[in-house]
Every structure is written in C-alpha cells, then in structure tokens.
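# Structural characterization, general
Chain by chain, the residues run as shown.
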Amino acid sequence: MSSALTDLVPLPIVQAPMAGGVSVPRLAAAVSEAGGLGFLAAGYKTADGMYQEIKALRGLTSRPFGVNLFMPQPEYAEPAAVEVYAEQLAGEATWYDAELGDPDSGRDDGYEAKLAVLLDNPVPVVSFHFGCPTPEVVDALARKGTLTLVTATSAEEAQAVERSGAHAVIVQGVEAGGHQGTHRDDPERDCAGIGLLSLVAQVREAVALPMVAAGGIMRGGQIAALLTAGVSAAQLGTAFLATAESGAHAVHKRALTDPLFVRTELTRAFSGRPARGLLNRFMREHGPYAPVAYPEVHHLTSPLRKAAAKAQDAQGMALWAGQGHRMARGLSAGELVEALAAEIAAAQAAQASAQVGSGQGGQGGGQAGSEGR
C-alpha cells in the first residue's frame, strides 16, 4: 500500500512516540538519520516544552520526523472514586516520602496551544492518541504540508479516523506497551483488546486508509509479515525504549530483560487508563482498585513514580512494555534500525524464494507463484 508516509522515509520503520521522557530528540534524530521515522512525544509537556524539543531535534537532523499529541479527555463523572484511590495510596506516599499529586492538574494536555505551535511551525508528521481530531484540524495541518496519523484499536475507530480525513491509521494491537489509544475509555472493554494481526485484517476490510501497525513488534521478520498483510509501515516502541539514545530510566531498560519480570499486564494503576507494563508490586497491589479516571490518576501518582525512579525501585515504577519485551536488544537506535532493515530484507528474500520454489511444482503452483509476486 503506497502512501505519502512511505514516500517520506526510506524504511517502513516508525519509532513510537513514548511520553514521559523516553522519546527525546536524540532518539528521534538517530532513527530518522538511519532511514526510519523518529517521533517526539508532546504528551505531558507544555506547548513551549514541545517547541523547544522540536527546535533541538531540527538541530540534530534535517530528515523527516513526527510529533505526537494526546487528545483532550472528557470530564470524569466520579471524583469520589479518585479520593478513595488517593486514600489507598497514602501508604505509598509515606513509603517514598512523597506527596500525592493534584488530580485536578488539567485534562486537555495543552492541546489547543500545541496545535497552534504546530500550525505556526509545521512538522512533517503529526499523530494523535486517545481520540480522533476533527476534520477541520486535519485539514488545517494538511494545508501546512503536515501528514496526520491517528491511533485506532478497532475497526470502528479506524472508520472514524477515515472520516476525519487523516492520511493513515495507526492500528494498535493489544500487545502494545504503554497506553492503549482507545477513542473512548470504556471499562467494559478492558479485557476485549484485539491482537494485532486480527486487527490489521479487520481494519483492512473496513477502511481504505494506509495502515501503520503497532503492538509487540520487535524483529524485522514481524515487520515483513505485516507488510505482506497489507500495512505500509510498523511502529515500534519497546524495541527503541531499550536503545542507548532512549530517555528511559536505566532501571526501566534493565527490567525489560530481567528474569524477575516474567510478563506484562494491562493496568489502570498508574494513570486511570489501560496501559501495558511489566507486572510489578504496584500493579499487583493497586491495579484491581484503580478507578476509571484519566488523567486524574496520572497526576495523582506522578510524584510516587518519580520517587520510585529516584530510589531505583522498579517495583514502584510504571515500567511500560509490550509483550515482546524479552526480545529487547541493547543496541544504539541507528544500529537497531539497520538490524531491522536487514531482517526485513532477509525475510522478504526468503518469502520470494519460497514463492519461486512453489512455482516449480506444476502449472497451478506456477500461477500461484506469479500472483504472489
């Protein structure tokens, strides 16, 4: 599937925008310089903070890159549930000698101000998480020459993305680390996430948009298989989280392959919205009781997470990770892009060879091999 996005960068490799200080300019620059599409995460930053990172990134590379925005969230209807959760976290605050954060620190993440910056200082690509921008916003960005991508976790959400006029849809499977980019936070769907391959097939039949696949992708062979399934590119987060240029805490990087952390789970414990991370003490103790309240819970737990990181206590940190975390490689970002590209090429060559081989088995096989090519 050809798209403006694939024309923009040589390789079908997108570095996921990971908020919270992971997707720093040096990481995005290294990915873009290696032929992929590097991304900055504007989430949890001020509009000026985002602008300063864009300036820093432009000083490191002249190649295309993207910026990710969080969509504003609807008002939360049960503040009493947040108060109860705060009481439950009092012991954590005492343990880490930290104050709980103010849950009412803001809901829109400076969305309008960040849009204004991106319209005044256009970047090649902007993506959206936690919802879908209006057609007016997409059109305004397009008139500035900016390509727009929007995350979807279902075929229905992908149809909303198509109606918005966005250039491509990021198809996020349930395997993905960090926050699920659902357009509406429905607690009844917490255990109803769709695996990436199934979701790609569903979205491919539902919309005509180019797709970027995301969720548990760690190897070039996986990317090659997804390209065969019809996607234009693959977005990797956890794989880049482990790289030298990533801004992730060293404890977080080590935990990805630490035998102590045997699996990931979706949890609301740290933010009030479903997010996949390495199962640790904080998730086990507080996950079952965390309310449906984003970003209130995010603001509430922020000082606790920072204190745990300062103490190098992995059991109290939000260790976001996808299901493929044990396959993380301690490479530089450029080396990782090169390794992925080589693996894609090897997988595609093997596939082509297999198709040629099947074409030598008779007339019917020859037709199948020709169609496959």
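Only a predicted model underlies this, so the values are computations on that prediction, with no experimental measurement involved.

Scanning all chains against the criterion turns up six aromatic pairs. On the basis of an interplanar angle of 15 degrees and a centroid distance of 4.6 Å, the ring pair of Phe270 and Phe282 is categorised as stacked. With Phe270 in the loop between strand S10 (264-267) and strand S11 (275-278) and Phe282 in helix H13 (residues 281-286), this pair connects stretches of sequence that are 12 residues apart. For Phe282, a relative accessible area of 1% puts it in the buried group. Where Phe270 meets Trp320, the ring centres are 5.7 Å apart and the plane angle is 90 degrees; that geometry is what we call edge-to-face.

If you trace the eight strands from one edge of the open sheet to the other, you get S1-S9-S8-S6-S5-S4-S3-S2, paired in parallel fashion. Strand pairing shows two members of the sheet lacking a second neighbour, strand S1 (13-15) and strand S2 (38-41), which therefore form its edges. For this sheet, the mean angle separating the axes of adjacent strands, direction not counted, is 25 degrees.

Looking at the element boundaries, His252 is found in helix H12 (residues 250-255). You can call His252 buried: its relative accessible area is 6%. Distance in space between the C-alpha atoms of His252 and Thr46 is 24 Å, their sequence separation being 206 residues. Each residue touching His252, except ones within four places of it in the same chain, is listed here: Leu241, Met317, Ala318, Leu319 and Trp320.

The next point concerns unusual backbone geometry. The peptide bond linking Tyr294 to Pro295 adopts the cis configuration, its omega dihedral lying at 10 degrees. The topology assignment puts Pro295 in the loop between H13 and helix H14 (296-310). Look at Tyr44: it is not a glycine, yet its phi comes out positive at around 70 degrees. Examined against the element boundaries, Tyr44 turns out to sit in the loop between S2 and helix H3 (47-58). A residue is classified by how much of its surface remains accessible, and Tyr44, at 32% relative accessible area, is partly exposed. Positive phi, normally seen in glycine, also occurs at Asp109, with a value near 55 degrees. What makes Asp109 partly exposed here is its relative accessible area of 21%.

Moving on, we get to the pairing of S11. In terms of strand pairing, strand S7 (residues 178-179) meets S11 through two bridges, oriented antiparallel. From the neighbouring strand, Gly178 faces S11, where its bridge partner is Arg276. One ladder, built from four bridges, connects S10 with S11; its direction is antiparallel. For Glu265, the partnering residue across the bridge sits in S11 and is Gly277.

A word on the side chain of Arg107. With respect to the element layout, Arg107 can be found in the loop between helix H5 (90-95) and helix H6 (111-120). Within the structure, Arg107 has its side chain in polar contact with the backbone oxygen of Gln73 (distance 3.5 Å). Polar side-chain contacts of Arg107 include one of 2.3 Å to the backbone oxygen of Pro74. Each residue touching Arg107, except ones within four places of it in the same chain, is listed here: Pro72, Gln73, Pro74, Glu75, Tyr76, Tyr294, Pro295 and Glu296.

This next bit is on the pattern of salt bridges. Under the definition given, this model contains 11 salt bridges. A salt bridge links Asp109 to Lys114, with the shortest nitrogen-to-oxygen separation between them at 2.9 Å. Each of the salt bridges in this network shares a partner with another, and the network as a whole consists of Glu92, Arg281 and Glu285.

Glancing now at the packing of helix H10 (residues 220-228) against helix H15 (residues 333-358). Running from N to C, H10 and H15 cross one another at 55 degrees; their axes reach a closest spacing of 7 Å. It follows from the interaxial angle that H10 and H15 lie oblique. In this structure, the crossing between H10 and H15 has a hand that is right-handed. Residues Gly220, Gly221, Ile223, Ala224, Leu227 and Thr228 of H10 form the contact with H15, whose own contacting residues are Leu340, Glu343, Ile344, Ala347, Gln348 and Gln351. In terms of residue class, the contact of H10 with H15 is built from six nonpolar, five polar and one charged.

Paired through their backbone hydrogen bonds, the strands of a sheet run either parallel or antiparallel. Sheet architecture is open: three strands sit in the order S7-S11-S10, paired in antiparallel fashion. Two strands close off the open sheet at either side, each with one partner strand: S7 and S10.

For the rest of this paragraph, the subject is the packing of helix H8 (residues 155-164) against helix H9 (residues 196-206). H9 packs onto H8 with a crossing angle of 40 degrees between their chain directions and a minimal axis gap of 9 Å. By the angle class used here, H8 and H9 are oblique. Crossing of H8 over H9 shows right-handed handedness. Taken together, the residues of H9 that come into contact with H8 (itself represented by Ala155, Ala158, Gln159 and Glu162) are Leu199, Gln202, Val203 and Ala206. The class makeup of the residues in the contact of H8 with H9 is five nonpolar, two polar and one charged.

For the chain, the average pLDDT comes to 94, and 95% of its residues sit at 70 or higher. Scored below 50 in pLDDT, residues 361-373 makes nine contacts in the model with residues more than four places away or belonging to other chains.

What counts and how
Residues numbered from 1 in each chain as written. Predicted model: local features only at pLDDT ≥ 70, side-chain atom pairs only at ≥ 80, totals over all residues. Heavy atoms only, no water. Phe/Tyr/Trp six-rings, centres within 6.5 Å; stacked < 30°, edge-to-face > 60°. Helix = DSSP H or I, 4+ residues; strand = E, 2+ residues; numbered from the N terminus. Buried < 20%, exposed > 50% of the residue type's maximum accessible area, 1.4 Å probe, protein only. Pairing = 2+ DSSP bridges. Axes fitted to C-alpha atoms, helices over the stretch in contact; angles between N-to-C directions. Contact = heavy atoms within 4.5 Å. Polar contact = N/O pair within 3.5 Å; in protein donor to acceptor, adjacent residues only side chain to side chain. Salt bridge = Lys/Arg side-chain N within 4 Å of Asp/Glu carboxyl O. Parallel < 35°, antiparallel > 145°, perpendicular 65-115°, else oblique. Left-handed = near helix turned anticlockwise from the far one by under 90°. Nonpolar A, V, L, I, M, F, W, Y, C, P; charged D, E, K, R; others polar. pLDDT = per-residue confidence, 0-100.

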